[in-house]
Amino acid sequence: MFPFEGSAGGNGSYGYLPTPLPDNPATGSHFEPFLTETIPGTSTQGTLAGVYTSGGRQQLVLTFAYNYYQQQFRLLAHGIVDWVTKGVHLGYWRNYFSAHIDDLFNANSRWSQVGNCTPGEGDCVGTVPATTPIRMTPADVTATVAWEQQNAYTLDFLFNGGPSLDYAAANGGTDPLTTALLANKNSFMWLDHTYQHPFLGCVQDFTVVPWKCQTDSTGAIQYVVQATVNGQIRQNIQFGQANGLPFRPSELVAGEHSGTVMLPQQPNGNPNFLAALTQNDIQWLGVDASRETGQRRIASALGVPRHPINVFHNVSTQSDEVSEYNWLYTSKANGGSGNCEANPTTTTCISPLDLTTGWANYVLPMQVKITLGYVLGNDPRPFFMHQSNLTDDRLALQTLTNVLSTYRGWYSADTPMVNQTLTDAGTALQQQTAWQQSLTAGSVSGYVQGAVVTVQGPAGTTVPVTVPAGTTVTGGASFGSVYGGEQSAYTTLGSVPTSLTVASALFGTAPSAGATPSTGIALASYSIGSPHEVRRNGNAVTVTDPFGTHVLPGLAGKPAEELHVGGTHHHPYQTVAQTKK
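Residues numbered from 1 in each chain as written. Predicted model: local features only at pLDDT ≥ 70, side-chain atom pairs only at ≥ 80, totals over all residues. Heavy atoms only, no water.

**Details of the nonpolar core**
Counting residues in hydrophobic clusters, the biggest one holds 70 residues, and the most contacted among them are Phe97, Leu104, Phe157 and Trp190. Ranked by residues supplied to this core, first place goes to helix H10 (residues 395-410) with eight residues. Trp435, Ala451, Phe479 and Leu506 belong to the second largest nonpolar core, which has 15 residues in total. (Core = buried A, V, L, I, M, F, W, Y, C linked by side-chain atoms within 4.5 Å. Buried < 20%, exposed > 50% of the residue type's maximum accessible area, 1.4 Å probe, protein only. Helix = DSSP H or I, 4+ residues; strand = E, 2+ residues; numbered from the N terminus.)

**Topic: the pairing of strand S20 (residues 498-501)**
One face of the sheet, then the other: side chains in a regular strand alternate in exactly this way. In S20, alternate side chains face the same way, and those of Thr498 and Leu500 are buried while those of Ser499 and Thr501 on the opposite face are not. Where strand S15 (residues 452-456) meets S20, four bridges bridge the pair, whose relative direction is antiparallel. Note on S20: the bridge partner recorded for valine 452 is threonine 501. (Pairing = 2+ DSSP bridges.)

**Points about the state of the cysteines**
In a disulfide, the sulfur atoms of two cysteines are held together by a covalent bond. The full count for this structure, using the stated rule, is three disulfides. Here cysteine 202 connects covalently by a disulfide to cysteine 213, the sulfurs 2.1 Å from one another. Across the S-S bond linking cysteine 202 and cysteine 213, the dihedral sits near -75°, which makes this disulfide left-handed. With cysteine 202 in the loop between strand S6 (189-192) and strand S7 (204-205) and cysteine 213 in strand S8 (residues 212-213), this residue pair connects regions lying eleven residues apart in the sequence. The class for cysteine 213 is buried, based on a relative accessible area of 8%. Between the sulfur atoms of cysteine 340 and its disulfide partner cysteine 349 the distance amounts to 2.0 Å. Taking the torsion about the sulfur-sulfur bond, which here is approximately 95°, the covalent link between cysteine 340 and cysteine 349 counts as right-handed. Given a relative accessible area of 2%, cysteine 340 falls into the buried group. (Disulfide = S-S within 2.5 Å.)

**Focus on the sheet that holds strand S2 (residues 45-54)**
With respect to topology, three strands assemble into an open sheet ordered S1-S2-S3, the strand pairing being antiparallel. Each of the sheet's edge strands pairs with one partner strand only, and the pair in question is strand S1 (30-38) and strand S3 (57-62). Across the sheet, the axes of successive neighbouring strands diverge by a mean angle of 15°, strand direction being ignored. Relative to S3, S2 is paired through six bridges, and the arrangement is antiparallel. From the neighbouring strand, serine 54 faces S3, where its bridge partner is arginine 57. Sheet strands in contact with helix H1 (residues 71-85) are S1, S2 and S3, and its direction is about 165° off that of S3. (Axes fitted to C-alpha atoms, helices over the stretch in contact; angles between N-to-C directions. Contact = heavy atoms within 4.5 Å.)

**Side note on the sheet that holds strand S18 (residues 481-483)**
Strand order in this open sheet of three strands is S16-S19-S18, and the pairing throughout is antiparallel. The open sheet is flanked by strand S16 (462-468) and S18, the only strands paired with a single partner. The mean angle between the axes of side-by-side strands here comes to 35°, regardless of whether they run parallel or antiparallel. Alignment of S16 against strand S19 (residues 486-492), held across seven bridges, turns out to be antiparallel. Bridge pairing links valine 463 to threonine 491 in S19.

**Describing the environment of glycine 476**
Looking at the secondary structure, you find glycine 476 in the loop between strand S17 (472-473) and S18. Between the alpha carbons of glycine 476 and threonine 501 there is a distance of 9.3 Å; along the sequence they are 25 residues apart.

**Focus: helix H5 (residues 226-242)**
In this model, H5 (17 residues) spans 24 Å end to end at C-alpha, consistent with the 24 Å of a helix rising 1.5 Å per residue. Of the residues making up H5, those classed as buried are Val229, Asn230, Gln232, Ile233, Asn236, Ile237, Phe239 and Gly240. Lining the buried residues of H5 we find strand S5 (156-159), helix H3 (161-170), S6, strand S9 (251-252) and helix H6 (271-279). Once H5 finishes, glycine 244 follows within two positions and takes phi at roughly 70°, a positive value. (Expected span 1.5 Å × (residues − 1).)

**Some words on the pairing of strand S12 (residues 301-308)**
Across the eight residues that make up S12, a large majority, seven, are buried. Relative to S12, strand S10 (residues 284-288) runs parallel, the two being bridged by five bridges. Paired with aspartate 288 across the strands is arginine 306, a residue of S12. Pairing between strand S11 (residues 297-298) and S12: two bridges, direction antiparallel. Pairing of arginine 297 across the sheet is with leucine 302, part of S12. Where S11 hands over to S12, the hairpin turn is made up of two residues, of which alanine 299 adopts a positive phi near 55°. Pairing between S12 and strand S13 (residues 383-386): two bridges, direction parallel. Along S13, the bridge assignment pairs proline 308 with phenylalanine 384.

**Section: the environment of tyrosine 325**
Structurally, tyrosine 325 can be placed in helix H7 (residues 318-329). Judged by its relative accessible area of 6%, tyrosine 325 falls in the buried class. Distance from tyrosine 325 to phenylalanine 312, taken between C-alpha atoms, is 8.7 Å for residues 13 residues apart in sequence. With residues up to four places along the chain from it excluded, the contact list for tyrosine 325 reads Asn310, Phe312, Ile350, Leu353, Tyr362, Val363, Met366 and Gln367.

The values reported here are purely geometric and, on their own, carry no functional implication.
So, in structure tokens, the structure goes:
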């Protein structure tokens, strides 16, 4: 079961809940419901989706309206495509979900409910009492490892090595959190987040709120120097290697996603940051998907946008999360910042949430819904929260538990969430971008004949292909990998068309015994082996297929050129000689 966004009776997404007619044995008519819902006020099941079969034909029926962003469409969209294509299409479907936890070994500033700001981060106006920074404890590490084991899911930890040594130096040479993390280092994936988490874009000026970039006497923006950027990347790599962290040195996410464009303050990337990326052979760079959604070249790297989950970096408790949520999303009249009023096209004002119940009743289910919307959209971009969300109320684990359990309640075990490294996510985005370019160019085509699928296009083109289970490369091994009961892969075309063989013919290979070809002039037929034949006999047009011979009276008397007589026919048809069989 899954929730229907809007009422099936009308609100949000109009739908009609009919009941199918009884089967008709005389005609073989039958309706098979696929998706049902109880008709309001009754115990009768109405149909929202199903297949009507009659006269040898099938029609998919959807009795509700939908749009691309609604959950019911995203859950059903792939199945609709599969039904129409019998599981053969150019595409690659996965439900991706990778969760990054930023700032490991480090601490995060804490939100102030008194000042509606975060002391120490340059956003407080006037005197606001300091708050205690948020940092995980060894108990949080133990709880997180246990959570991973219980949920069969691995987190990707983004680490800042410097604070580990700083905390040890301030506490007699040891840091219990570092000890706990390193003892469990193989329970997680790891990713370079710079050594001390400094801002690596422009030099920030905090004398104003919000901050601005420092400029010289000519008005030119002053940037963090390359030596600083190099040191932050290299020292963290050295820390990770010295402590045996299983991370990938070619990946990087800078603190605050700094170094690249950050509007409105910084309209261009820091040239020193870009040079350091190349100098350190960084190939994949995490960027903020709330600022830029597409992949682009950034010096030596390709950008990988990351979705922020709206569990804030500066909170560890439900109460603080709701307090900050209220500040951001309520009007000034309701005690909020008014940001929602100033930006009505991107932010909706809500009524103030209760500090005790607002998390469970509103914020948590909203974040789960938003996150799953991306997961169901074939979106490989990872998500991120922070180490502050793994302590106290452990908001990150609450969020992830609900995302995973909801998804697993919808899908069977053969359709798991795909948890990727930053490299894998970037590669998937790169493949999607290249395929979109091929689609725009119209350079790739495919067709099915009997049990053979053929894909053709320029040599070297990478094409996503989905086929039914049991499909092999013609004359060879099994094709692709299994997902959702299908097989799929990105395959690179060669100088000759790619040929795949499905387990059984999808559209038949020969007419059934009861189908008698008609007499008359042959107009066109499918390629050799097809069970379809079209002929014209006098003023009548007949079609012979595995279900019999059918007269098409609506075409009687049409000029020959409209029936493709004597000319070419669109692929995959072939024109045949105009003689009687």
